[in-house]
Amino acid sequence: MDYFSLCLDGLCLLGLSAVHIAFVSRLTGKKQKIWHFVIYFFLLCTIQWFFTTFDFHDVLPVGAELLLLYSVSRLALQNRRFVSWAAAILAVYISQLSFGIVNSVEAILFSRMVGKKLLYPLLLLATLSVFAVCACCCGAVLKFLSLTEDPQMPYVGLLLFPGLFFFAAELYILQTSYTVLPSYISLGEIGKHSALFVMQILGLAALLCTLYAYRHICHSFQTQAALRSLEQATQAQKNYIAEAQMRYEQTKAFRHDIANHLSVLNGLLNHGELDESKAYLNKMKTVSTSLSFPYQTGNPVVDILLSEKLGLAKEITAEISLLLPRPCGIEDFDLCVIFANALDNAINACRLTEGVKSIRISGERQGDFYMLAFENTCLDEPLPPAGIGLSNIKSVAEKYDGAMLTEKVGQRFFLNVLLNISTGKGTYQRNREYNNKC
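Residues numbered from 1 in each chain as written. Predicted model: local features only at pLDDT ≥ 70, side-chain atom pairs only at ≥ 80, totals over all residues. Heavy atoms only, no water.

Q: Describe the overall build of the protein chain, and please don't skip the residues or the numbers.
A: Check the secondary structure of the protein chain and you find 12 helices and 5 strands. Counting over 438 residues, the protein chain shows a buried share of 40%. In the protein chain, once contacts between residues fewer than 6 apart in sequence are set aside, the share between residues at least 24 apart is 74%. Element-wise, carbon and sulfur atoms account for 63% of the exposed surface of the protein chain, whose accessible area totals about 24300 Å². (Helix = DSSP H or I, 4+ residues; strand = E, 2+ residues; numbered from the N terminus. Buried < 20%, exposed > 50% of the residue type's maximum accessible area, 1.4 Å probe, protein only. Contact = heavy atoms within 4.5 Å. Areas by Shrake-Rupley, 256 points an atom, 1.4 Å probe, with all protein chains shown as cover.)

Q: Quick rundown of the packing of aromatic side chains? Include the residues and the values.
A: All told, the structure shown has 8 aromatic pairs when counted by the stated rule. Consider the rings of Tyr-93 and Phe-166, whose centres lie 6.1 Å apart with planes at 40 degrees: the pair is tilted. Of the two residues, Tyr-93 is situated in helix α4 (residues 81-109) and Phe-166 in helix α6 (residues 160-177); the sequence distance between them amounts to 73 residues. Here the two residues Tyr-93 and Phe-166 agree in accessibility, since each one is buried. (Phe/Tyr/Trp six-rings, centres within 6.5 Å; stacked < 30°, edge-to-face > 60°.)

Q: Give me helix α10 (residues 332-351): which residues, what numbers.
A: For α10, with 20 residues, the first-to-last C-alpha span of 28 Å sits near the 28 Å given by 1.5 Å per residue. Counting buried residues in α10 gives 14 out of 20 residues, a clear majority hidden from the surface. (Expected span 1.5 Å × (residues − 1).)

Q: If you had to explain the pattern of salt bridges to someone new, which residues and values would you point to?
A: With the rule as written, the count across this model stands at 6 salt bridges. Residue Lys-309 is joined to Asp-344 by a salt bridge in which the shortest nitrogen-to-oxygen separation is 2.9 Å. Pair noted here: Lys-309 is in helix α9 (residues 300-311) and Asp-344 is in helix α10, with a separation of 35 residues, a long-range link. (Salt bridge = Lys/Arg side-chain N within 4 Å of Asp/Glu carboxyl O.)

Q: Please provide a residue-by-residue account of the sheet that holds strand β3 (residues 369-377), values included.
A: A sheet is described by the order of its strands in space; here 5 strands give the open sequence β1-β2-β3-β5-β4, paired in mixed fashion. If you trace the sheet from one side to the other, it starts and ends with β1 (317-321) and β4 (403-409), each paired once. Taking each pair of neighbouring strands and ignoring which way they run, the sheet shows an average axis angle of 10 degrees. Sheet topology places β1 next to strand β2 (residues 358-366); 5 bridges connect them, and they run parallel. Bridged to Ser-321 within β2 is Ser-362. (Pairing = 2+ DSSP bridges. Axes fitted to C-alpha atoms, helices over the stretch in contact; angles between N-to-C directions.)

Q: Explain the packing of α9 against α10 to me, using residue names and the numbers behind them.
A: For the pair α9 and α10, interaxial distance at closest approach is 10 Å and the crossing angle is 20 degrees. Classified by the angle their axes make, α9 and α10 are roughly parallel. In the crossing of α9 with α10, the sense of the turn from one axis to the other is right-handed. The segment α9 lies against α10, with Val-301, Val-302, Leu-305, Leu-306, Lys-309 and Leu-310 engaging Asp-332, Leu-335, Cys-336, Phe-339, Ala-340, Leu-343, Asp-344 and Ile-347. Here the contact of α9 with α10 is built from residues that sort into 11 nonpolar, no polar and 3 charged. (Parallel < 35°, antiparallel > 145°, perpendicular 65-115°, else oblique. Left-handed = near helix turned anticlockwise from the far one by under 90°. Nonpolar A, V, L, I, M, F, W, Y, C, P; charged D, E, K, R; others polar.)

Q: I'd love a proper account of unusual backbone geometry, names of residues and values included.
A: Positive phi, normally seen in glycine, also occurs at Gln-78, with a value near 60 degrees. Structurally, Gln-78 can be placed in the loop between α3 (59-76) and α4. Residue Asp-401 is not a glycine yet carries a positive backbone phi of 55 degrees. Along the polypeptide, Asp-401 turns up in the loop between α11 (388-399) and β4.

Q: I'd like to hear about the nonpolar core, residue by residue, with values.
A: In this structure, Phe-23, Leu-69, Ile-94, Leu-145, Leu-147 and Phe-167 are the most contacted members of the largest nonpolar core, which totals 51 residues. By residue number, the principal contributor to this core is α4, which donates 12 residues. Leave out the neighbours within four places in its chain, and Ile-94 touches Phe-23, Cys-134, Cys-137, Cys-138 and Val-141. Counting residues in hydrophobic clusters, the runner-up holds 38 residues, among them Leu-322, Leu-335, Ile-347 and Ile-361. (Core = buried A, V, L, I, M, F, W, Y, C linked by side-chain atoms within 4.5 Å.)

Q: Describe the environment of Ser-25, with residues and values.
A: Tracing the sequence through the fold places Ser-25 in helix α1 (residues 3-28). Assessed through its relative accessible area of 2%, Ser-25 is described here as buried. Once you skip the residues sitting within four places of it in the chain, Ser-25 turns out to touch Lys-30, Gln-32 and Leu-77. Among the polar contacts listed, one links the side chain of Ser-25 to the backbone oxygen of Ile-21, at a separation of 2.9 Å. (Polar contact = N/O pair within 3.5 Å; in protein donor to acceptor, adjacent residues only side chain to side chain.)

Q: Tell me about the UniProt feature "transmembrane region" (unreviewed entry) in the protein chain, and please be specific about residues and values.
A: The UniProt record marks residues 34-52, 59-77, 83-110, 122-142, 154-174 and 195-214 with the feature "transmembrane region" (unreviewed entry), using the residue numbering of this structure. Secondary structure across residues 59-77 comprises 95% helix and 0% strand; the distance between its end C-alpha atoms is 26 Å. Each end of residues 195-214 is marked by a C-alpha atom, and these two atoms are 28 Å apart; helix forms 100% of the span and strand 0%. (UniProt positions renumbered as here; feature names shortened; annotations may be inferred.)

Q: I'd like to hear about the packing of α4 against α6, residue by residue, with values.
A: Where α4 contacts α6, the two axes come as close as 9 Å, and the packing angle between them is 30 degrees. By the criterion of interaxial angle, the relationship of α4 to α6 is roughly parallel. The interaxial crossing formed by α4 with α6 has left-handed handedness. In contact with Phe-82, Trp-85, Ala-86, Ile-89, Val-92, Tyr-93, Gln-96, Leu-97, Phe-99, Gly-100 and Asn-103 of α4, α6 contributes Leu-160, Gly-163, Leu-164, Phe-166, Phe-167, Glu-170, Leu-171 and Leu-174. Looking at the contact of α4 with α6 residue by residue, the class counts come to 14 nonpolar, 4 polar and 1 charged.

Q: Which residues make up a nonpolar patch on the surface, and what values do they have?
A: The grouping of Ile-34, Trp-35, Val-38, Ile-39, Phe-42 and Leu-43 at the surface amounts to a nonpolar patch, some 600 Å² of accessible area in total. Here Trp-35 falls in the partly exposed class, since its relative accessible area comes to 42%. (Patch = residues over 30% accessible without salt bridge, like charges linked within 9 Å, V, L, I, M, F, W, Y side chains within 5 Å.)

Q: Can you explain the state of the cysteines? Please cite residues and give values.
A: Tallying each qualifying case throughout the model produces 0 disulfides. Unpaired in terms of disulfides, Cys-134 finds its nearest cysteine sulfur in Cys-138, a separation of 4.2 Å. (Disulfide = S-S within 2.5 Å.)

Q: How would you sum up the confidence of the model for the protein chain? Please name residues and give values.
A: Per-residue pLDDT for the protein chain averages 80, and the proportion of residues at 70 or more is 81%. Throughout residues 425-438 the model reports pLDDT below 50, and contacts reaching past four residues in sequence, or to other chains, amount to 13 contacts. (pLDDT = per-residue confidence, 0-100.)

Pasting the structure below:
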């Protein structure tokens, strides 16, 4: 291998390292660091040296490159398994596609330059063109796809199948058509390479269409989750109205009969019947207690929601230590989303356990923030992936510049929700309104 080829290979590996790390980090929403690039570049050079020295088939280095990029994404960037595979396959495919597209042009235009000095600057220009094409392809993919740690991006593993197909097809084209640059190319060969060029462009277009369809599927999941949240809040409001009307009628009837009750009580006292008077007072106390909510949080909508959910779960011991500040700054709709989803998850988890079943809800103000803490019994098993309910709670927390944290210790599950109550709108909401105006 001459010095020019060695330098060209080094330039290619340097460019691939930069493109792969930058693409994977942006695709997965993780922050890239300089040592990620250094380690990947060093290992990529090691792979290239090893397979070149021992003259292995060209497919093996690409497989090793794919496995290396997956390892960096999984271990260094801390991405999930399917996300790491999808990101690695897309990154390597895009780089292979870029080489394939430029190789098609090289085969047609550079064949007559073999053996001439002009070939060297042309090859250098072609290498730089590869990374320009690669950057454009990466930008197009990033426009249609994001693999951030978001539960609203379901079934990421489905991207592996089309990704592997495009990757294998491009690898086959490279290994069968562009291994050596011929010194002479016939008219038929020009037609063949032109057809391969078009096929590769169509392959890229097909990939982008696949990613576009996947993005819309994910958006439909987000819409469905939003609709479910709206239905929950709407149902909670309906229950609140129905419960308020019922208690109003009961209070109205009790208030109508209060004069009669006081008259009876006065007669009992006048006749010195103290025991009967006490019994009658206890009856009146029981009736008046039934007119109030069993849980007093300072928010009538939350009171109704707790009464409804926990009232249907008699087998679960509930401990409520919660007083929401007034004014709270949090819309009743969003409080419904938090409490409805948290209570549904807690009740379902408790019903799967044996023995003592308990739910504890507490709240504490911390300056401009309010911390909601939910604790419940659960099975002593690994937690499943976060579902729509927790995703909705997280969205509400982020809307108010807060955060959501889950933790499992033995047979206890903890959910903490931090909300900014200083204003009715967090940064997320203000930015959203600003964008809508723009």
